[in-house]
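# Understanding the architecture of this molecule
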Amino acid sequence: LEGQLGEARSASVSNVCADGPTVEGIDVSYYQDTVDWPAVKAAGIEFAIARINHGSFMDPEFDTNWAAIKEQGMIRGAYQYFDPGGDWSAQADTAIAKLGVLGDGDLPAVIDVE
């Protein structure tokens, strides 16, 4: 049984995506500094997800990244690095206020919980 469990664990680690086509994407924040969005698009990246904030810290590159993703005609999304010790309602309000109404090609906002 132990050998079978080890094989199952190895198999699950090697199968990252389901069978079929995949779509290449990236997530970005101020840690990437200034992103060369035309180069990202030219590299075949089809979508990008930009960080809005981490708790009360607003990502200083979000507005630039959010606009540039759209300018490149890429599918765009946004995420909030959720602070579990913070006010969840205020964090949700921050994301909603920052994004406003989503447009064509925009993914629903998501949270990063670590």
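Look a little higher up for the structure.
## Some points on the pairing of strand β4 (residues 75-81)
Extensive coverage of β4 is indicated by the burial of five of its seven residues. Bridging between strand β2 (residues 47-54) and β4 involves seven bridges; their strand directions are parallel. Bridge pairing in β4 links Asn53 to Gln80. Judged from the three bridges that link them, β4 and strand β5 (residues 110-112) form a sheet pairing that is parallel. Across the sheet, residue Tyr79 finds its bridge partner in β5, namely Val110.

## Points about the pairing of β2
Bridge count for strand β1 (residues 25-28) against β2 is four bridges, and the pairing is parallel. Note that in β2 the partner of Gly25 across the bridge is Phe47. Strand direction decides the pairing type here: β2 and strand β3 (residues 57-58), joined by two bridges, are antiparallel. Looking across to β3, one finds that Asn53 is bridged to Met58. What sits between the antiparallel neighbours β2 and β3 is a turn of two residues, in which Gly55 has the positive phi angle 60 degrees.

Rules behind the numbers
Residues numbered from 1 in each chain as written. Predicted model: local features only at pLDDT ≥ 70, side-chain atom pairs only at ≥ 80, totals over all residues. Heavy atoms only, no water. Buried < 20%, exposed > 50% of the residue type's maximum accessible area, 1.4 Å probe, protein only. Helix = DSSP H or I, 4+ residues; strand = E, 2+ residues; numbered from the N terminus. Pairing = 2+ DSSP bridges.

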